[in-house]
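Next come the chains, spelled out residue by residue.
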Amino acid sequence: MSVSLSNLPLVSVIIPTYNRERTVMRAIDSALRQTYPNKQIIVIDDGSKDKTRELLEKRTDIEYYWQENQRQSAARNHGLDRARGDYVATLDSDDYWDENHLARAMTAIQRYQVPIYFANWREVDEQGQLLAADRFKDTSYMPPVSTSPDADGFCHLSAERTRELIVIHRPAPSTAMVMRKDKMARWNLEVARWTLEDLLLLSEITLNHNATCAFSSRPTWTKPLQGDNISVHATVVAAARREACGLECIYKHINDRLPEPEHARYRKMVAEHFFDYAYYTAQESALSAVPLFLKSWRYQPSSRPLVAMFKSLVKAVTPGSKPAEAKKVRPH
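Residues numbered from 1 in each chain as written. Predicted model: local features only at pLDDT ≥ 70, side-chain atom pairs only at ≥ 80, totals over all residues. Heavy atoms only, no water.

### Concerning helix α3 (residues 72–82)
Right, on to step 1. Burial of α3 is extensive: eight of the eleven residues sit out of reach of the surface.
Right, on to step 2. Of all the positions in α3, only Ser73, Ala74, Ala75, Arg76, Asn77, His78, Gly79 and Leu80 are classed as buried.
Right, on to step 3. The elements touched by buried residues of α3 are β1 (11–17), β2 (39–45), β3 (63–66), β4 (87–90), α7 (189–192) and α8 (197–209). (Buried < 20%, exposed > 50% of the residue type's maximum accessible area, 1.4 Å probe, protein only. Helix = DSSP H or I, 4+ residues; strand = E, 2+ residues; numbered from the N terminus. Contact = heavy atoms within 4.5 Å.)

Structure representation (structure tokens):
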């Protein structure tokens, strides 16, 4: 017996893309091949200068829209304006889904009646060789909440545990997410400068609606780590800057909704990331690191950033000293 589409919620899939002619077709095809039948595929071309427009504008199996280049979050918001679904899924144009990704998402959403769902994923290199089969295992915070999956590999978290996971941590990238549209705000363009807009969007759903979430402990999508992928090419200093400034920006947006214990945790987290940013910056310029060490101190007053600042300045003026090579992991 076939299932009527009218009985299934519509899922709007938003695929933003920019100069990804090599990978966008794979992403689109993975969305079209989903076993979940009631879906709307929206592709927003953020002003591509390659052959993306030529490849996509005549296709009838997707909704294709071109816009002047405004960056990814603006493209997602354009897609959100076009979305007719009760639920929204986002798919980056260099990622791709397993065929059952949306079906599993909607099963979990309907089973647990949650506005937020996300899925575990795997990572591969440019040649398709597996780098990580289970990204949840690589974090400190996902294994503790993944201990009691149901028979289908889904975990359901209470509002309290959802808040802990989403507001303090970032459980998964945007490609992993399916969200209830009427609970969503728009992607924030200010925070998007630091590529943490997904974290703010999820935090807003969680804080504004006391939301619960469900997730799949089984990987159902793939992230290729390609040469033009931000997470691969970013320098240590640039990555530290993005984390520190992005989290500070998010904190300014949500701090009026945080109780004091969460205030303290968030300020500590921002302080630690500014310490990282200062530490890596000091390897190149001790003077440039001074305001960053001081910002870390302002978020969490302690002797640690002040001592590190003093040591970096002394080292900078000591004859014959050489700047230390930037390390991947700062000393704790």
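### Focus on the environment of Phe293
Right, on to step 1. Secondary-structure assignment places Phe293 in helix α12 (residues 286–299).
Right, on to step 2. For the pair formed by Phe293 and Gln70, sequence separation is 223 residues and the distance between their alpha carbons is 33 Å.
Right, on to step 3. If near-sequence neighbours (up to four positions away) are discounted, Phe293 is found in contact with Phe275, Ala278, Tyr279, Ala282, Pro305, Ala308, Met309 and Ser312.

### Observations concerning the sheet that holds strand β7 (residues 122–124)
Right, on to step 1. The sheet built from four strands is open, its strands ordered β5-β12-β7-β8 with mixed pairing. The sheet is open, and its two edges are formed by β5 (96–97) and β8 (130–132), each paired on a single side.
Right, on to step 2. Note: β5 against strand β12 (residues 221–224), two bridges, orientation antiparallel. Residue pairing across strands places Trp97 opposite Trp221, the latter belonging to β12. (Pairing = 2+ DSSP bridges.)

### Observations concerning the confidence of the model for the protein chain
Right, on to step 1. For the protein chain, the average pLDDT comes to 91, and 92% of its residues sit at 70 or higher.
Right, on to step 2. Taken together, the stretch residues 230–234 has pLDDT below 50 and engages in nine contacts with residues farther than four places along the chain or on a different chain. (pLDDT = per-residue confidence, 0-100.)

### Re helix α6 (residues 159–168)
Since the α-helix turns once every 3.6 residues, residues separated by three or four places project in the same direction.
Right, on to step 1. With seven of ten residues buried, α6 lies mostly within the body of the structure.
Right, on to step 2. When α6 is considered as a whole, its buried residues turn out to be Ala159, Thr162, Arg163, Leu165, Ile166, Val167 and Ile168.

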